[in-house]
Amino acid sequence: MNYKYRLLALDMDGTLLQDDHEVSEETVKWIKEAVRQGIHVCLSTGRPFAEAYPYAKQLELTTPMVTVNGGEVWRAPYELYRRALLDSKLVEQMHALAIETGSWFWAYSVDRLYNSENWTDDVANQEWLKFGYTTKDHEVRHRILMRLQDMGGLEITNSSPINLEINPQGVNKATGIGQVCELLGISMSQVVAVGDSLNDLAVIQEAGLGVAMGNAQQTVKDEADLVVSSNNEDGIVEVIRDHILIEG
């Protein structure tokens with residue numbers, strides 16, 4: 001079949017996964033059918049590899065993956081293609097800001113997850129991929145955002161309305177999927193990108209077809225080409241059935 005789109009880039013939380021963190025049987029069925037018909041399916045997530053791979057395995061995906069919001073691109077499972085690290089001095093500043101504002105924070109190094117309950121004294125000698133804050137206090141979150149913007153050198157998004165996620169400037173899911181396109185020999189115009197949060201915005205804007213889930217943040221819906229059902233209502237099935245597996 002001659003399909004217009006060749007790659008389906010799927011965010012995980014709030015998109016591929018239902019609120020119970022499972023993939024519905026119907027969604028699994030349609031993803032496997034897309035793969036059978038020659039469509040590349042790529043997980044594109046803020047999660048680290050270790051938290052994303054079990055779902056790739058469940059879906060029997062051996063294609064590239066984008067993890068930690070584009071901080072890592074995998075050529076295939078366990079085969080790293082590219083990695084973008086945060087400056088450890090910026091991590092120290094972001095940690096100090098979290099303490100100052102009393103916000104819950106977390107950070108992914110290459111080796112492990114750190115958070116408010118479990119931090120390290122040896123920031124300088126770690127390889128850092130992503131830093132994040134969570135607070136329901138809108139004013140505090142806004143204050144953190146302003147300070148982060150003043151630091152410079154940072155790409156700031158979110159994966160829910162109450163958090164902030166930080167990667168090195170210029171590193172996002174769009175750059176990650178762009179690298180996947182290089183690996184597969186296709187163009188961004190052949191990509192369908194699906195997501196629900198601000199960390200999906202860049203790739204939704206750059207893909208050939210940008211899709212927002214029904215549960216997506218309003219900014220994402222506003223920028224998308226298409227809005228489908230929610231993550232709990234098999235929105236991914238709609239994308240595959242009605243927009244990918246049709247002859248271009």
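In this report, we go over the structure that sits alongside the text. (Residues numbered from 1 in each chain as written. Predicted model: local features only at pLDDT ≥ 70, side-chain atom pairs only at ≥ 80, totals over all residues. Heavy atoms only, no water.)

1. As for the pairing of strand β2 (residues 40-43)
Moving on, step 1. Residues of β2 alternate between two faces, with His-40 and Cys-42 on one and Val-41 and Leu-43 on the opposite face, all of them buried.
Moving on, step 2. Inspection of the sheet shows strand β1 (residues 7-10) paired to β2 by four bridges, in the parallel sense. For Ala-9, the partnering residue across the bridge sits in β2 and is Cys-42.
Moving on, step 3. Following the chain from β1 across helix α1 (residues 25-36) to the adjacent parallel β2, one finds a crossover that is right-handed. (Buried < 20%, exposed > 50% of the residue type's maximum accessible area, 1.4 Å probe, protein only. Helix = DSSP H or I, 4+ residues; strand = E, 2+ residues; numbered from the N terminus. Pairing = 2+ DSSP bridges. Right-handed = clockwise from strand over helix to strand, strands pointing away.)

2. Some remarks on the sheet that holds strand β5 (residues 79-83)
Moving on, step 1. The sheet built from three strands is open, its strands ordered β3-β4-β5 with antiparallel pairing. Edge positions in the sheet fall to β3 (65-67) and β5, since each of these pairs with one other strand and no more. Taken pair by pair, the neighbouring strands of this sheet meet at an average axis angle of 25 degrees, ignoring direction.
Moving on, step 2. Looking at chain direction, strand β4 (residues 72-76) and β5 are connected through four bridges and run antiparallel. Its bridge partner being in β5, Val-73 is matched across the sheet by Arg-82. (Axes fitted to C-alpha atoms, helices over the stretch in contact; angles between N-to-C directions.)

3. A closer look at the environment of Gly-208
Moving on, step 1. Relative to the elements of secondary structure, Gly-208 occurs in the loop between α6 (201-206) and β12 (209-212).
Moving on, step 2. Taking C-alpha positions, Gly-208 is 14 Å from His-40, a pair spaced 168 residues apart along the chain.
Moving on, step 3. Leaving out residues up to four positions away in the same chain, Gly-208 has contacts with Tyr-5, Met-188, Ser-189, Val-191 and Asp-225. (Contact = heavy atoms within 4.5 Å.)

4. Observations concerning the pattern of salt bridges
Moving on, step 1. The tally for this structure, following the rule as stated, stands at 12 salt bridges.
Moving on, step 2. In this structure, the salt-bridge partner of Glu-60 is Lys-32, at a minimum N-O distance of 3.3 Å. Of this pair, Glu-60 sits in the loop between α2 (49-58) and β3 while Lys-32 sits in helix α1, and the two are 28 residues apart along the sequence.
Moving on, step 3. Using a relative accessible area of 56% as the deciding quantity, one classes Glu-60 as exposed.
Moving on, step 4. Salt bridges sharing partners connect three or more residues here, namely Asp-11, Lys-173 and Asp-200. (Salt bridge = Lys/Arg side-chain N within 4 Å of Asp/Glu carboxyl O.)

5. Description of helix α4 (residues 138-151)
Note: α-helices contain 3.6 residues per turn, so residues at a spacing of three or four share the same orientation.
Moving on, step 1. End to end, α4 covers 20 Å across 14 residues, agreeing with the expected 20 Å (1.5 Å per residue, within 8%).
Moving on, step 2. Within α4, the full set of buried residues consists of Val-140, Arg-141, Ile-144 and Leu-148. Seen from one end, α4 has its buried residues packed into an arc of 95 degrees, which puts them on one side. Pointing more than 90 degrees away from the buried face of α4 are the exposed residues His-138, Glu-139 and Asp-150.
Moving on, step 3. Buried residues belonging to α4 abut α3 (88-101), β8 (128-134), β9 (154-157) and β10 (163-168).
Moving on, step 4. Between the side-chain oxygen of the N-cap and the backbone nitrogen of Glu-139 there are 3.0 Å, and the N-cap of α4 in question is Asp-137.
Moving on, step 5. Positioned one or two residues after α4, Gly-152 has a phi angle of 75 degrees, which is positive. (Expected span 1.5 Å × (residues − 1). Arc of directions from axis to C-beta. Polar contact = N/O pair within 3.5 Å; in protein donor to acceptor, adjacent residues only side chain to side chain.)

6. Focus: the sheet that holds β12
Moving on, step 1. With parallel pairing, the five strands of this open sheet are ordered in space as β2-β1-β11-β12-β13. Single-partner strands in this sheet number two, and they are β2 and β13 (226-227).
Moving on, step 2. Alignment of β1 against strand β11 (residues 191-195), held across four bridges, turns out to be parallel. Counterpart to Leu-8 in the pairing with β11 is Val-192.

7. Describing the nonpolar core
Generally speaking, soluble globular proteins have nonpolar side chains that are buried together.
Moving on, step 1. One finds Leu-8, Leu-16, Ile-31, Val-192 and Val-194 to be the most contacted residues of the largest nonpolar core, which totals 37 residues.
Moving on, step 2. Every element with two or more residues in this core is listed here: β1, α1, β2, α2, β11, β12 and α8 (235-244).
Moving on, step 3. With 22 residues, the next largest nonpolar core counts Leu-7, Ala-212, Val-220 and Ala-224 among its residues. (Core = buried A, V, L, I, M, F, W, Y, C linked by side-chain atoms within 4.5 Å.)

8. Side note on the pairing of β10
Moving on, step 1. Here β10 lies mainly inside the structure; six of its six residues are buried.
Moving on, step 2. Sheet analysis places β9 next to β10, joined by four bridges and oriented antiparallel. Residue pairing across strands places Thr-157 opposite Glu-165, the latter belonging to β10.
Moving on, step 3. Once β9 ends, the chain turns through five residues before running back antiparallel as β10.

As far as function goes, none of this settles anything; it's purely spatial.
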